[in-house]
Amino acid sequence: MEVVIIAGRAEGGSLVGGAIEALLAARPTAVLGLATGSSPQPVYDDLVTRHQAGTVSLGRARGFQLDEYVGLPPDHPESYRAVLEREVTARLDFSPGAVTGPEGGDLDDLPAACTRYEQAIAAAGGVDVQLLGIGGDGHIGFNEPTSSLASRTRLKTLTEQTRRDNARFFDGDVDAVPRHVLTQGIGTVLEARHLVLLAWGAGKAGAVARCVEGPVTAMVPASALQLHPHVTIVVDEAAAAELTLADYYRATWQAKPASQGL
Ligand code: F6R
């Protein structure tokens, strides 16, 4: 795992945005794995800046959502489909239909929807870069603690803590946050070719330390990233505060040959 400790979110967004620009230059049909929530926002903002400057085009790229709420109508403003439409696809030049997600609306069709989603990712050739946030309890996607490390896209139940955390997107009303979600499994996420986890602020420091330096355990789903050969963890100083080897990560990053990229 490579841990990059940066001064602030904008620098983190620029770092990852630059890596995506390089990927798209080499492979215009690249497949991006798109997380929602606050953590990847600086990357999306940076990509918009690069797109406006004419250095990034997503016109031939594809995007796959990491997860989706179950039970919200697709046009609900906080469905992840709607959030990505607002925050990402409307601001970039993805082709119509190029960003897709699991269909969390129809309760009777969920297992088949999950299978179709896995098939769609595979048919696109898999994900080149998967953006991830991390929950305070160590979840990635909505793989809550005790999720199988081999799991595939499926229905999950959110913990009460995650629902309280996400109530900020629902006017503070925890009862409005769905209990159920569809999420790519940890096994699905681990098949992406490059995983980039972003974390900002002191509230993520414990989870980041357990992800990077703790044992691999289903109690901390993000710790499964230790099994992947190409992981970049981008954190600000506050989120890095509990990392035992922070000085080593800083020295390693400073000494890294620029030619290696992320
Ligand atoms: C969102 C997702 C979640 C979030 C995590 C952190 O698509 O999969 O794992 O990344 O809950 O949320 P934020 O970034 O809002 O702190």
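Further up the page is the structure itself.
Calculation notes
Residues numbered from 1 in each chain as written. Predicted model: local features only at pLDDT ≥ 70, side-chain atom pairs only at ≥ 80, totals over all residues. Heavy atoms only, no water. Near = heavy atom within 4 Å. Polar contact = N/O pair within 3.5 Å; in protein donor to acceptor, adjacent residues only side chain to side chain. Areas by Shrake-Rupley, 256 points an atom, 1.4 Å probe, with all protein chains shown as cover. Nonpolar A, V, L, I, M, F, W, Y, C, P; charged D, E, K, R; others polar. Pairing = 2+ DSSP bridges. Helix = DSSP H or I, 4+ residues; strand = E, 2+ residues; numbered from the N terminus. Buried < 20%, exposed > 50% of the residue type's maximum accessible area, 1.4 Å probe, protein only. Lys, Arg positive; Asp, Glu negative; His and termini not counted. Salt bridge = Lys/Arg side-chain N within 4 Å of Asp/Glu carboxyl O. Contact = heavy atoms within 4.5 Å.

Draft legend 1. Structural view of the site of the ligand. Around the ligand there are 14 residues in total, and S39, D67, H139, G141 and K204 lie nearest to it. The backbone of T36 places a nitrogen or oxygen atom 2.9 Å from an oxygen atom of the ligand. Here G133 contributes a backbone N or O atom positioned 3.5 Å from an oxygen atom of the ligand. Taking 410 Å² as the accessible area of the ligand by itself, protein coverage stands at 94%. Taken together, the residues of the shell around the ligand sort by class into four nonpolar, seven polar and three charged.

Draft legend 2. Spotlight on the sheet that holds strand β6 (residues 129-132). Ordered in space as β1-β10-β9-β6-β2-β3-β5, the seven strands form an open sheet in which the pairing is parallel. Edge positions in the open sheet fall to β1 (2-6) and β5 (99-100), since each of these has one partner strand only. Relative to strand β3 (residues 62-65), strand β2 (residues 31-34) is paired through four bridges, and the arrangement is parallel. Its bridge partner being in β3, L32 is matched across the sheet by G63.

Draft legend 3. Broad picture of the side chain of E144. Locating E144 in the fold gives a position in the loop between β6 and β7 (154-157). The charged side chain of E144 is buried without a salt bridge, its nearest counter-charge being K156 at 8.0 Å. Only 3.0 Å separates the side chain of E144 from the backbone nitrogen of T159, close enough to count as a polar contact. Leave out the neighbours within four places in its chain, and E144 touches D137, H139, K156, T157, L158, T159, T162, A218 and P221.

Draft legend 4. Up close: unusual backbone geometry. Here the phi dihedral of T146 falls at roughly 80°; this positive angle occurs in a residue that is not glycine. Mapping T146 onto the fold places it in the loop between β6 and β7. With a phi close to 55°, D171 is a non-glycine residue in the positive phi region. Note on placement: D171 falls in the loop between α5 (160-166) and β8 (180-183). Exposure remark for D171: the relative accessible area of 81% places this residue in the exposed category.

Draft legend 5. A look at the pattern of salt bridges. Applying the stated criterion to the full structure yields 16 salt bridges. The network of salt bridges with common partners includes E21, D46 and R50.

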